[in-house]
Amino acid sequence: MRDTFVQALMDIARQDQRVMLLTGDLGFGVLTPFAEAFPNQYLNVGVAEQNMTGVATGLALEGKIVFTYSIGNFPTLRCLEQIRNDVCYHNANVKIVCIGGGFCYGPLGISHHATEDLAIMRVLPHMKVMAPGDLAETRLITRLSYANPGPCYLRLGRGGEAMIHQNDLKSPLGRAIPLVPKGDVALLSTGGILGNAVEAREMLERRGISVSLYSLPFLQPLDAELIQDLAQTSRLMVTIEEHSIIGGLGGAVAEVLAEQPGLKAPLIRIGLREGFSCEVGDQEFLRKIYGLSPEAIVQRVQDFLNLGKREVKIYGL
Amino acid sequence: MNTRQLALKIRKHAVLMTNRGKSSHVASVLSMADILAVLYGQVLQKRPKEPSWSERDRFILSKGHAGAGVYAALAETSYFPVDWLQCHCGQGSRLCGHVSHLGIPGVELSTGSLGHGLSVGAGMAYAAKVDQKNFRVFVLLSDGECDEGSNWEAILFAAHHRLANLIAIVDYNKIQSLGPVSETLALEPFAAKWQSFGWQVKEVDGHDHGQLAASLDIQSEIGSAPTCVIAHTVKGKGVSFMENTVLWHYRSPQGEEFEAALTELEDQIIA
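What you are looking at is a predicted structure, and each value in this text was computed from that prediction instead of being measured.

1. Some details on the overall build of chain B
- Across its full length, chain B carries 10 helices and 5 strands.
- Taking 2.2 N^0.38 as the reference for a compact globule, 271 residues should give roughly 18 Å; the C-alpha atoms of chain B span a radius of gyration of 17 Å, in line with that estimate.
- By the burial criterion, 54% of the 271 residues in chain B qualify as buried.
- Long-range contacts, defined as pairs at least 24 residues apart, comprise 76% of the intrachain contacts of chain B with a sequence gap of at least 6.

2. Here's the deal with the sheet that holds strand 4 (residues 94–99) of chain A
All names here are of chain A.
- Here we have 7 strands laid out as an open sheet, ordered 2-1-3-4-6-5-10, and mixed in their pairing. A single partner strand is all that each edge strand has here, and the edge strands are strand 2 (42–44) and strand 10 (218–220). Recorded for the sheet is a direction-independent mean angle of 20 degrees between the axes of neighbouring strands.
- As judged from the 6 bridges shared by strand 3 (residues 65–71) and strand 4, these two strands associate in the parallel manner. Its bridge partner being in strand 4, threonine 68 is matched across the sheet by isoleucine 96.
- Contacts between helix 3 (residues 49–61) and the sheet are confined to strand 1 (19–23), strand 3 and strand 4, with strand 3 contributing the most and set at about 165 degrees to the helix.

3. Quick notes on the packing of helix 8 (residues 224–233) of chain A against helix 9 (residues 249–258) of chain A
Residue and element names in this part refer to chain A.
- At a minimum axis separation of 10 Å, helix 8 and helix 9 run at an interaxial angle of 65 degrees. Between helix 8 and helix 9, the angle is such that the two are roughly perpendicular. Viewed along their axes, helix 8 and helix 9 form a crossing whose handedness is right-handed. Residues Ala224, Ile227, Gln228 and Ala231 of helix 8 touch helix 9, and the partners they reach there are Val253, Val256 and Leu257.

4. Looking at the domain arrangement of chain A
Residue and element names in this part refer to chain A.
- Taken domain by domain, chain A comprises domain 1 (2–156) and domain 2 (177–307).
- Computed over C-alpha atoms, the centres of domain 1 and domain 2 are 26 Å apart.
- On the domain 2 side, the residues contacting the 25 residues of domain 1 number 30 residues.
- If you list the elements that add at least two residues to the side of domain 1 that touches domain 2, you get helix 5 (117–122), strand 5 (128–130) and helix 6 (135–147).
- In terms of residue class, the side of domain 1 that touches domain 2 is built from 13 nonpolar, 6 polar and 6 charged.

5. Details of unusual backbone geometry
- Proline 221 of chain A follows glutamine 220 of chain A through a cis peptide bond whose omega is 0 degrees.
- Looking at the secondary structure, you find proline 221 of chain A in the loop between strand 10 and helix 8.
- Here the residue pair glutamate 188 of chain B and proline 189 of chain B is connected by a cis peptide bond, since its omega of -5 degrees sits within 30 degrees of zero.
- Its identity is not glycine, yet serine 78 of chain B carries a phi of approximately 75 degrees, on the positive side.
- In this structure, serine 78 of chain B sits in the loop between helix 3 (67–76) and helix 4 (117–130).
- At asparagine 244 of chain B, a position not held by glycine, the phi torsion is positive, near 60 degrees.
- Here asparagine 244 of chain B shows up in the loop between strand 5 (227–232) and helix 9 (247–250).
- Taking the number of C-beta atoms within 10 Å as the measure of exposure, asparagine 244 of chain B has 15 and is therefore partly exposed.

6. With respect to the packing of helix 1 (residues 3–20) of chain B against helix 10 (residues 255–266) of chain B
Residue and element names in this part refer to chain B.
- Interaxial distance between helix 1 and helix 10 falls to 10 Å at its minimum, and their mutual angle equals 170 degrees. If you check the angle between helix 1 and helix 10, you find them roughly antiparallel. Here Leu8, Arg11, Lys12, Val15 and Asn19 of helix 1 lie close against helix 10, whose contacting residues are Phe258, Ala261, Leu262 and Leu265.
- Considering only residue class, the contact of helix 1 with helix 10 consists of 6 nonpolar, 1 polar and 2 charged.

7. Overview of the interface of chain A and chain B
- Listed as interface residues are 21 residues of chain A and, on the opposing side, 18 residues of chain B.
- A per-element tally of the side of chain A that touches chain B places helix 3 of chain A first, with 9 residues.
- Looking at the side of chain A that touches chain B residue by residue, the classes come out as 7 nonpolar, 10 polar and 4 charged.

8. Describing the sheet that holds strand 5 of chain B
Residue and element names in this part refer to chain B.
- Strands sit in the order 1-2-3-5-4 across an open sheet of 5 strands; the sheet is parallel. With one partner strand each, in any of the chains shown, strand 1 (58–61) and strand 4 (200–205) form the two edges of the open sheet. Direction aside, the axes of adjacent strands within the sheet are offset by 20 degrees on average.
- Pairing between strand 3 (residues 166–172) and strand 5: 6 bridges, direction parallel. Bridging across to strand 5, isoleucine 167 finds its partner in threonine 227.
- Against the sheet, helix 2 (residues 26–43) contacts strand 1, strand 2 (137–142), strand 3 and strand 5, and its axis sits at roughly 155 degrees relative to strand 3.

9. Some thoughts on the nonpolar core
- Membership of the largest hydrophobic core comes to 180 residues, with the highest contact counts inside it found for Leu22, Leu187, Leu188 and Val238 of chain A together with Leu36, Leu39 and Ala122 of chain B.
- A per-element tally of this core places helix 2 of chain B first, with 13 residues.
- Counting the residues that make up this core, at least three belong to each of domain 1 (2–156) and domain 2 (177–307) of chain A.
- For leucine 187 of chain A, the residues in contact, after removing those within four places along its chain, are Ala197, Ala200, Arg201, Val211, Ser212, Leu213, Val238 and Ile240 of chain A.

Definitions and cut-offs
- Residues numbered from 1 in each chain as written.
- Chains lettered and ligands numbered in written order.
- Predicted model: local features only at pLDDT ≥ 70, side-chain atom pairs only at ≥ 80, totals over all residues.
- Helix = DSSP H or I, 4+ residues; strand = E, 2+ residues; numbered from the N terminus.
- Rg over C-alpha atoms; globule rule 2.2 N^0.38 Å.
- Buried ≥ 20, exposed ≤ 12 C-beta atoms within 10 Å, placed from the backbone.
- Contact = placed C-beta atoms within 7 Å.
- Pairing = 2+ DSSP bridges.
- Axes fitted to C-alpha atoms, helices over the stretch in contact; angles between N-to-C directions.
- Parallel < 35°, antiparallel > 145°, perpendicular 65-115°, else oblique.
- Left-handed = near helix turned anticlockwise from the far one by under 90°.
- Domains from an automatic or database assignment.
- Nonpolar A, V, L, I, M, F, W, Y, C, P; charged D, E, K, R; others polar.
- Core = buried A, V, L, I, M, F, W, Y, C linked by C-beta atoms within 7 Å.

Here it is, written out as structure tokens:
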């Protein structure tokens, strides 16, 4: 995703000299094409994310469209107050790019696991929150973040993500992307875990369960209309995210459902349930450990359906 | 109105506003009133009726708790009616305690949490440099604020990029939130720190308008180092019983103290 993002941003920067890319001294090799092509639109600010975000605000207030780039929690949590007070309060045209959402940097440890970022970014006023599910969605959100003035958060994978959508996407900001629009059970996925959601859906179908699947690359604005619709027409809704179940996609969907009494479908949230992800291993290993493998997703859905009611075992709690 | 008259007006407004709003930080405004007066009365290139004029000099108050002073300076230099100052920190007031840009012409940046202004100012100065614009960016910090590490990130950045159009001013009154700076987190040798980070440093009497104007009204050569003006000031300057005390960082002037403060300022007739 990061190479796709850089390529998409280069296409934009070529057309618009207001676009600037700031990095907190990360992106070895990845940012080189941008830096070489647009030396006047590129700036390595050093290992100083608070200053990077403040400088980005100052540039944006002078008319620039600024992308700040770093990995994991560095471009968000390290400089959260600069994002809130400087970027968001001034509605500054700053786009915050995180490489390595979820467990992308698995073996490096919890400092590098971005597992609360969606929740924290989603609560900030004016912030648009985007987590693409594949390379086509990455191109889409890069274009949309540029085209929509004001703060954005782009939560990307590190690399090696699948190409799930066959064609370029034209979805508008805030709209979920249907992969399979009809089914008894609705799977809603955000971010790079989409590949596992696709596999889980196929496995469930093979077991005779009819399953719809949507990718939600936009957590803010959220496709609330779709969520309300699915809650009326589905037997079960399932959110899938490489993130805490608190405050991310699962939390966002739960908020929509809680304000709409009388909806039919119950909700199960699949994600990191509690504590830090302190097991050691690569992304795939950690997804297995924390219940995000296709098999684990299938098991959760199957268990719930077998019980046939809400009295389902509460996982991990 | 000359700058000394403007400084006195800012001081009177500060006492009145913090009295009416029952709010804090009057001594922080009194400390920097002369700096604001020299900036708004003489140094800043500005068009109050066209606050977004692209060639204007930018001013950021990074010590946002002293926002009453900026509001007063803006009102007295015709950015908005002086009447607006009547309601500060009150219910439904336009003006909140820590300076905010929303709906207030002339405020470049909202602050209140310390250690934000210099980075944003550095971004503006960088933009001016790459766009080859001539405006300058002034950022006023408090001394206690220099405890914040984010400032030192910005200080490194501005020096590295030779942001000659960036001028940081430190209101060095030697008193921070709970006590003397020297006993809290010593800044000395302060000028040497800025110099060693690659800045040009000028130390001035922060109540001497001639010295302030000479140090601030500069147009540095492109590519030279940014400038730091360390303004030695007296916290609470102008109201004798507020000077050099921690108390008036917080206390709101009420009753006899309010009357006494105002009387003392009224007695400072400036030609």
